[in-house]
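Secondary and tertiary structure notes
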Amino acid sequence: MTLIQFLLIALSVACGVLFSSTRSRFSKKHVTELSDLMIFNSLCAVVASVLLGLVTLITNNEINSFTLVFGLIYGVMITAGSLTALMAFKFGPLSYTTLITAFAMVIPSVAGVLFWNESIKPIKYLDMAMILVSVFFAVDRKKTDEKKTSLKWLFFCILTLFINGSYGVMQKRFYMRENGGGTYAFLMISFIVSAIATFIAYGILSRRKKQNPPEKRLGKSDLFKRVLIIFSLICGSTTVVNNIINTYLAGTMDSAVFFPVLNGCSLYTTIIVSVVIFKERLTKRQWFGLIVGFAAIMLLALS
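It should be emphasised that the depicted structure is a prediction, and the values quoted were computed from it without experimental measurement.

A few points about the overall build of the chain
The number of helices and strands found in the chain is 13 helices and 0 strands. Seen in sequence order, the chain has helices and strands lined up from the N terminus as α-α-α-α-α-α-α-α-α-α-α-α-α. Taking all 303 residues of the chain together, 48% fall into the buried category. Of the roughly 15400 Å² of accessible surface on the chain, 69% is carried by carbon and sulfur atoms.

Here's the deal with helix 5 (residues 106–116)
Taken together, the buried positions of helix 5 are P108, S109, A111 and G112. Down the axis of helix 5, the buried side of the element spans an arc of 160°, and every buried residue falls inside it. In this fold, the buried residues of helix 5 make contact with helix 6 (122–138), helix 8 (151–178) and helix 12 (255–276). Positive backbone phi, approximately 55°, marks N117, located one or two places after helix 5.

A short note on the nonpolar core
Residues I9, I131, V135, F258, V261 and L267 are the most contacted members of the largest nonpolar core, which totals 31 residues. Only helix 1 (3–30), helix 4 (94–102), helix 6, helix 11 (221–252), helix 12 and helix 13 (284–302) provide two or more residues apiece to this core. Per-element accounting of this core gives the leading share, 10 residues, to helix 12. Excluding residues within four positions of it along the chain, F258 makes contact with I9, N246, L249, A250 and M253.

Brief notes about the packing of helix 6 against helix 12
Two elements in contact, helix 6 and helix 12, have axes separated by 10 Å at closest approach and are oriented at 25°. When the axis of helix 6 is compared with that of helix 12, the two are roughly parallel. Relative to helix 12, helix 6 is oriented so that their crossing is left-handed. Contacts from K124, M128, I131, S134, V135 and A138 of helix 6 reach helix 12 at A256, V257, P260, V261, G264, L267, Y268 and I271. In terms of residue class, the contact of helix 6 with helix 12 is made up of 11 nonpolar, 2 polar and 1 charged.

Some remarks on the pattern of salt bridges
Overall, the coordinates contain 2 salt bridges when judged by the stated rule. Where K172 meets E118, a salt bridge forms, and the shortest distance between an N and an O atom there is 2.8 Å. One end of the pair, K172, is in helix 8; the other, E118, is in the loop between helix 5 and helix 6, and 54 residues separate them in sequence. A relative accessible area of 2% places K172 in the buried class. E178 is the partner of R177 in a salt bridge, and the nearest nitrogen-oxygen pair spans 2.8 Å. Judged by its relative accessible area of 42%, R177 falls in the partly exposed class.

Remarks on the environment of G181
Mapped onto the fold, G181 is located in the loop between helix 8 and helix 9 (183–209). Counting along the chain gives 118 residues from G181 to I63, while the straight-line C-alpha distance between them is 9.4 Å.

What to know about a nonpolar patch on the surface
A contiguous nonpolar surface patch, about 500 Å² in accessible area, is contributed by M1, L3, I4, F6 and L7. Checked against the element boundaries, F6 lands in helix 1. Classification of F6 as partly exposed rests on a relative accessible area of 46%.

Description of the side chain of S42
In this fold, S42 is placed in helix 2 (residues 34–59). The contact partners of S42, leaving out residues within four places of it in the chain, are A195, T198 and F199.

Here's the deal with the packing of aromatic side chains
Summed over the entire model, instances satisfying the criterion amount to 17 aromatic pairs. Between the aromatic rings of F66 and F174, the centroid separation amounts to 5.9 Å while the plane-to-plane angle is 10°, which identifies the pairing as stacked. Taken as a pair, F66 in helix 3 (residues 65–91) and F174 in helix 8 lie far apart in primary sequence, 108 residues in all. Ring centres of F174 and F186 lie 4.3 Å apart, and the angle between their planes is 15°; this geometry places the pair in the stacked category. Placement of F174 in helix 8 and of F186 in helix 9 is noted, with a sequence separation of 12 residues between them. An identical accessibility class is assigned to F174 and F186; each is buried. In textbook terms, an aromatic cluster arises when at least three aromatic residues are bridged by ring pairs, as seen for F66, F70, Y74, Y167, F174 and F186.

Parameters and conventions
Each chain has its residues counted from 1, running along the sequence as written. Only residues with pLDDT of 70 or above have their local features reported here, since the model is predicted, and side-chain atom pairs are shown and tallied only from 80 upward, although totals for entire chains, interfaces and linings are computed over all residues. With hydrogens and water stripped out, all remaining heavy atoms of the structure feed into the side-chain values. Only DSSP runs of H or I reaching four residues or more are called helices, and only runs of E reaching two or more are called strands; each is numbered from the N terminus. Whether a residue is buried, partly exposed or exposed follows from its accessible area with a 1.4 Å probe, protein chains only, as a fraction of its type maximum: under 20%, in between, or over 50%, in that order. Method for areas: the Shrake-Rupley scheme with a 1.4 Å probe, in which residue coverage is limited to the protein chains shown. This arc is built from the directions going out from the helix axis to the C-beta atoms. Only heavy atoms matter for contacts: two residues are in contact if any of them lie within 4.5 Å across the pair. We call a set of buried residues a nonpolar core when its members are Ala, Val, Leu, Ile, Met, Phe, Trp, Tyr or Cys and they connect through side-chain atoms within 4.5 Å of each other. Only the stretch in contact is used when a helix axis is fitted, and all axes are lines through C-alpha atoms; the angle between N-to-C directions ranges over 0 to 180 degrees. Oblique is the label for any angle not under 35 degrees, not over 145, and not in the 65 to 115 range, which are roughly parallel, roughly antiparallel and roughly perpendicular in turn. What makes a crossing left-handed is the near helix being turned counterclockwise from the far one by less than a right angle; a clockwise turn instead makes it right-handed. Lys, Arg, Asp and Glu make up the charged group, whereas Ala, Val, Leu, Ile, Met, Phe, Trp, Tyr, Cys and Pro make up the nonpolar group; the residues left over, Gly among them, are polar. Every case where a carboxyl oxygen of Asp or Glu lies within 4 Å of a side-chain nitrogen of Lys or Arg is listed as a salt bridge. Patches here: salt-bridge-free residues with over 30% relative accessible area, like charges joined within 9 Å, nonpolar side chains (Val, Leu, Ile, Met, Phe, Trp, Tyr) joined within 5 Å. Here a pair means two rings of Phe, Tyr or Trp (six-membered ring of Trp) with centres within 6.5 Å. Their orientation is stacked below 30 degrees between planes, edge-to-face above 60, and tilted elsewhere.

Right, dumping it as structure tokens:
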């Protein structure tokens, strides 16, 4: 792992954590219905589409048939992954859902070996195992388990796992097929599709439940609109940077190194932020998980 790659991963993780923290705060403070979160996701995708559209025009990114088709598929998958994740969190415990979906990193790592003939040294197998063990211990199941598991929850968990794992596979496939060209256009098309699909789903859900607009239900129309716009701008901007970096690194780094490091660092950073900013206390299990995880990442970096 080069210094540039390390810095890009750090920036991607920072954007990812800022995105998840902002979205989490919005969800806890301003969301009263599932449809509220869906309209928020749709606006985030709109912001991302506009920013990527500007970059596409400035860089004169080419849109060919492969870029268009892959962008359409990726956009549908982004929407599907978001919805299945919402369903998994709705029907089951937060901790086990986080734990199961975190194992999505295995899919692109294995795909790198099967489809792109990437070699995995024994030390990388050890590192991947250490990261998976660290994730298992870093998620505190005693604190956060409020709902019981069910077959419906397990179905959405597994579906989310496979969809999340396929993101990396598609990013790598596109970057290597196009040699890095058309990345901005590919992501722009993806977020346009995601914005439209999410907004349609929001409309369907609102009509079925005969809900009023979010600002009327909250009784704070001006406040809600301001918060919605500000938080959407933050999340839309960070997800653009995150996806551009991840697509580049997915196509230029070994999958068995990049994806475990990215997912591991994202989880560990989120936990550290919860301790430093939100003053949450970690259990001994979580401290053990963090130590094992950081040791694994150091081994990957050195190897």
